[in-house]
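# Structural features, examined
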Amino acid sequence: PKVTTVGLGYIGLPTSALIASNGIEVFGVDINPEVVETINQGKIHIIEPDLEDAVAQAVEKGYLKAGTKIKAASTYLVVVPTPFKGNHEPDISYVEAATKEIIPHLKEGDLYIIESTSPVGTTEKMRNYIYSKRPELENKIHIAYCPERVLPGNVMHELVHNDRVIGGVDEASTQKAIAFYKDFVKGELHATNARTAEMCKLTENSSRDVQIAFANELSLICDKADINVWELIKLANKHPRVNILQPGCGVGGHCIAVDPYFITSEFPMESQIIGKAREINNYKSFWCAEQIKKGKHEFQLKHGRKPAIALMGLAFKPNIDDLRESPAKYIVQKVLQDAQDEDYYIVEPNVKSHQVFKLTDYQEAAEKADIVVFLVAHKEFKDLEISEEKVVLDFCGIRK
Ligand code: SAJ
């Protein structure tokens, strides 16, 4: 193959399929043999619009193959997860493990790129690691960092059209990596150094986290001040230089709620706002669960019976089926922990069934419940009819 990709997840697989669809031979590596087998059959193990077609075609034409062991290529892409450990410390062990396996295959002129979200300095660390094992290759290979920036649900489009930030450990590496991405990216390719590119990825997601925290903080203030936060934000945004995001039931997903910790863990004294934003967004989920509890008690006091409660939405954001790292799911779990034999209807229209939660159709749930809690602004909930006597707790602004 020309390109070996290590990691066939939410980014690695679409990226491999895209490169292969440009007539470049790609070998994708994943530690999971089931994933490898699925892909070699031209199928996919994740849900992402247009991905299945791209993989099926690339496999059929012979440009994309998968395996569990790395094959020699001229370009290596590291697209493995970088989670955090217990104390919100970034864990780069998958990047290290992938690099370790790539090292024996490297030869003069090769290009090694990390795409995984990484703490500042990771690419330089990997360069030092590579050269410690292969000193004869020093300055004879190219090493760069180029973060992915695609939005789940729109990956196949954004991979092609988004701008990319590309930072090599030296100028030659930057240029070599730019030449590589030019073949399949239509967005602009911006040259920088590796440290800046690493920080840029962390900055993008931290910026969004901070902005959402601002909206969430406003929602808490407005709740006390008896002001409709959605109307407030809409009006404030009429100002030409104000653009406030939407409050919600917390921030989830695998990026925005994670990446800021890659900054705060390394620069705890300096990253005051970034750290506080994480706290506010986490607190918002806790607060929502408390509000549901409060609503439940108030209902019981007023009606002398326990309410039936509909919990609408489990996904980490609207109109997707991804429940991982979801604040809505956290809230549902928390509410169920405190359950005192009320009836609960749990709703997630994007998922057929769930291992833990018994799911109810959204219309049926809204009909049967006394309290309807909107956690995620799924399109199905928008025009749902809810009779007036019901209590509505809208944490995602769908009924605004
Ligand atoms: N959210 C709000 N209010 C808003 C917008 C979002 O509460 O106004 C919440 C969502 O409900 C969700 C979370 O934030 O729980 C994150 O959702 P998102 O749509 O903002 O972002 P992700 O996590 O799906 O993807 C992000 C994107 N980054 C930015 O927009 C800066 C994407 O471009 C990145 O590639 C991706 O992270 C990643 O992989 O890092």
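Just so you know, these numbers come straight off a predicted model, no measurement behind them.

## Overview of the nonpolar core
- Ranked by internal contacts, the top residues of the largest apolar core, which has 53 residues, are V78 and I113.
- Setting aside residues no more than four positions away along its own chain, I113 makes contact with T75, Y76, L77, V78, A144, C146 and A177.
- Residues I292, I309, M312 and A366 belong to the second largest nonpolar core, which totals 34 residues.

## Focus: the site of the ligand
- In the neighbourhood of the ligand, 19 residues make up the surrounding shell, with L245, Q246, G248, G253 and C255 lying closest.
- Residue-level mapping places the shell around the ligand at the junction of two domains, with at least three residues from each of domain 1 (3-201) and domain 2 (248-394).

## Things to note about the packing of helix 8 (residues 194-225) against helix 9 (residues 229-236)
- With their axes 9 Å apart at the nearest point, helix 8 and helix 9 run at an angle of 125 degrees to one another. On the basis of their axis angle, the class for helix 8 and helix 9 is oblique. The hand of the helix 8/helix 9 crossing is right-handed. Every residue of helix 9 that contacts helix 8 at A215, L218, S219 and C222 is listed here: V229, L232 and I233.
- Along the lines of polarity and charge, the residues of the contact of helix 8 with helix 9 split into 6 nonpolar, 1 polar and no charged.

## Topic: helix 11 (residues 272-303)
- Taking 1.5 Å as the rise per residue, helix 11 with 32 residues should run 46 Å; its terminal C-alpha atoms sit 46 Å apart, in good agreement.
- Buried within helix 11 are the following residues: I274, G275, A277, R278, I280, N281, K284, S285, C288, A289, I292 and K296.
- One or two steps after helix 11, the chain reaches G304, where phi turns positive at roughly 65 degrees.

## Overview of helix 1 (residues 12-21)
- Counting buried residues in helix 1 gives 10 out of 10 residues, a clear majority hidden from the surface.
- Among the residues of helix 1, G12, L13, P14, T15, S16, A17, L18, I19, A20 and S21 are the ones counted as buried.
- Within two residues after helix 1, G23 carries a phi angle of roughly 80 degrees, on the positive side.

## A few points about the sheet that holds strand 4 (residues 75-78)
- A sheet is described by the order of its strands in space; here 8 strands give the open sequence 3-2-1-4-5-6-7-8, paired in mixed fashion. Each edge of the open sheet is held by one strand with a lone partner, namely strand 3 (64-67) and strand 8 (189-193). Across the sheet, the axes of successive neighbouring strands diverge by a mean angle of 25 degrees, strand direction being ignored.
- The sheet contact formed by strand 6 (residues 142-145) and strand 7 (residues 164-168) spans 2 bridges and is antiparallel. Considered in strand 7, the bridge of Y145 is made with G167.
- Contacting strand 6, strand 7 and strand 8, helix 8 runs over the sheet at an angle of about 145 degrees to strand 7.

## Focus: the domain arrangement of the chain
- Assigned domains of the chain: these are domain 1 (3-201) and domain 2 (248-394).
- Averaged C-alpha coordinates put domain 1 and domain 2 at centres separated by 35 Å.
- Facing the 11 residues of domain 1 at the interface are 10 residues of domain 2.
- Partitioning the side of domain 1 that touches domain 2 into residue classes produces 6 nonpolar, 3 polar and 2 charged.

## Observations regarding the confidence of the model for the chain
- Averaged over all residues, the pLDDT of the chain equals 97, while 100% of them reach at least 70.
- Under the prediction, the complex receives an ipTM of 0.95, its pTM being 0.94.

The rules behind these values
Residues numbered from 1 in each chain as written. Predicted model: local features only at pLDDT ≥ 70, side-chain atom pairs only at ≥ 80, totals over all residues. Core = buried A, V, L, I, M, F, W, Y, C linked by C-beta atoms within 7 Å. Buried ≥ 20, exposed ≤ 12 C-beta atoms within 10 Å, placed from the backbone. Contact = placed C-beta atoms within 7 Å. Near = placed C-beta within 6 Å. Domains from an automatic or database assignment. Axes fitted to C-alpha atoms, helices over the stretch in contact; angles between N-to-C directions. Helix = DSSP H or I, 4+ residues; strand = E, 2+ residues; numbered from the N terminus. Parallel < 35°, antiparallel > 145°, perpendicular 65-115°, else oblique. Left-handed = near helix turned anticlockwise from the far one by under 90°. Nonpolar A, V, L, I, M, F, W, Y, C, P; charged D, E, K, R; others polar. Expected span 1.5 Å × (residues − 1). Pairing = 2+ DSSP bridges. pLDDT = per-residue confidence, 0-100.

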